[in-house]
Amino acid sequence: VQLQASGGGLVQAGGSLRLSCAASGRTFSRYAMGWFRQAPGKEREFVAHISGNDGSKFYADSVKGRFTISRDNAKNTVYLQMNSLKPEDTAVYYCAADLSGSSSYKGMISTYDYWGQGTQVTVSS
């Protein structure tokens with residue numbers, strides 16, 4: 001499975017960005033997908049998850065109500081719509097695939113089997 005993240009950029013606080021993650025593989029619809037981020041000098045942290053079986057969604061408290069994860073199985077793509085961006089959202093954003101489809105450990109890095117290369121998001125104040 002190969003993952004290609006895109007859509008990052010520079011935006012002012014309060015603005016919006018939409019990240020995309022294109023995946024290879026004919027069974028994409030079965031994968032659970034996640035977004036993580038890593039700011040300079042910090043550990044990688046969970047952002048959002050969407051399951052592969054029922055499309056249920058799960059968010060980190062820090063982005064709940066501002067970010068929305070979605071998927072288009074026909075395009076093998078998962079999205080992260082980010083609204084009301086804050087300077088503390090600045091990070092490299094990574095998408096990841098969990099081939100099990102759903103896990104009780106959605107926020108754990110070790111849950112995910114494949115990772116994309118990351119896309120930089122910078123929010124200026």
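Our structure is the block above this text.
Attention in this report is confined to the structure presented alongside it.

### Comments concerning unusual backbone geometry
Alright, step 1. At Asn76, a residue that is not glycine, the phi angle is positive and equals roughly 55°.
Alright, step 2. Within the secondary structure, Asn76 is located in the loop between strand S7 (67-72) and strand S8 (77-82).

### Points about the sheet that holds strand S3 (residues 17-23)
Alright, step 1. Ordered by their spatial adjacency, four strands build an open sheet running S1-S3-S8-S7, and the pairing between neighbours is antiparallel. Each of the sheet's edge strands pairs with one partner strand only, and the pair in question is strand S1 (3-6) and S7. Here the average twist between neighbouring strands, direction ignored, is 15°.
Alright, step 2. Inspection of the sheet shows S7 paired to S8 by six bridges, in the antiparallel sense.

### What about the state of the cysteines?
Alright, step 1. For the coordinates displayed, the defined rule picks out one disulfide.
Alright, step 2. Disulfide pairing places Cys21 opposite Cys95 at an S-S distance of 2.1 Å. Its S-S torsion of approximately 65° makes the covalent link between Cys21 and Cys95 right-handed. Here Cys21 is found in strand S3, whereas its partner Cys95 is found in strand S9 (residues 91-98), with 74 residues between them in sequence.
Alright, step 3. According to the relative accessible area criterion, Cys95 is buried, its value standing at 0%.

### Some points on the pattern of salt bridges
Alright, step 1. Under the defined criterion, the tally for this structure stands at four salt bridges.
Alright, step 2. Between Asp89 and Arg37 there is a salt bridge, and its shortest N-O distance comes to 2.9 Å. Here Asp89, found in the loop between S8 and S9, pairs with Arg37, found in strand S4 (residues 32-38); they are 52 residues apart in sequence, far enough to count as distant. For the pair Asp89 and Arg37, a shared accessibility class is recorded, and that class is buried.
Alright, step 3. Of the charged contacts in the structure, one is a salt bridge between Lys64 and Asp61, with a shortest N-O distance of 3.0 Å.

### Let's talk about the pairing of strand S5 (residues 45-50)
The side chains of a regular strand alternate between both faces of the sheet.
Alright, step 1. Taking burial as the measure, the six residues of S5 include five buried ones, the bulk of the element.
Alright, step 2. Strand direction decides the pairing type here: S4 and S5, joined by five bridges, are antiparallel. Residue pairing across strands places Gly34 opposite His49, the latter belonging to S5.
Alright, step 3. Two successive antiparallel strands, S4 and S5, enclose a turn made up of six residues, where Gly41 displays a positive phi of approximately 75°.

Rules behind the numbers
- The residue numbers shown here count from 1 along each chain, following its written sequence.
- Only residues with pLDDT of 70 or above have their local features reported here, since the model is predicted, and side-chain atom pairs are shown and tallied only from 80 upward, although totals for entire chains, interfaces and linings are computed over all residues.
- Note that the side-chain values use all heavy atoms of the structure and ignore hydrogens as well as water.
- The numbering of helices and of strands both runs from the N terminus, where a helix is a DSSP run of H or I of at least 4 residues and a strand a run of E of at least 2.
- Any two strands are treated as partners once DSSP identifies two or more bridges connecting them.
- Convention adopted: a line fitted to C-alpha atoms gives each axis, helices being fitted over their contacting stretch, and angles between N-to-C directions are expressed from 0 to 180 degrees.
- Note that a disulfide, as used here, is simply two cysteine sulfur atoms within 2.5 Å.
- Buried, partly exposed and exposed residues are distinguished by accessible area as a fraction of the type maximum, computed with a 1.4 Å probe on protein chains only: under 20%, between the cut-offs, and over 50%, respectively.
- In the sections that follow, a salt bridge refers to a side-chain nitrogen of Lys or Arg positioned within 4 Å of a carboxyl oxygen of Asp or Glu.

As far as function goes, none of this settles anything; it's purely spatial.
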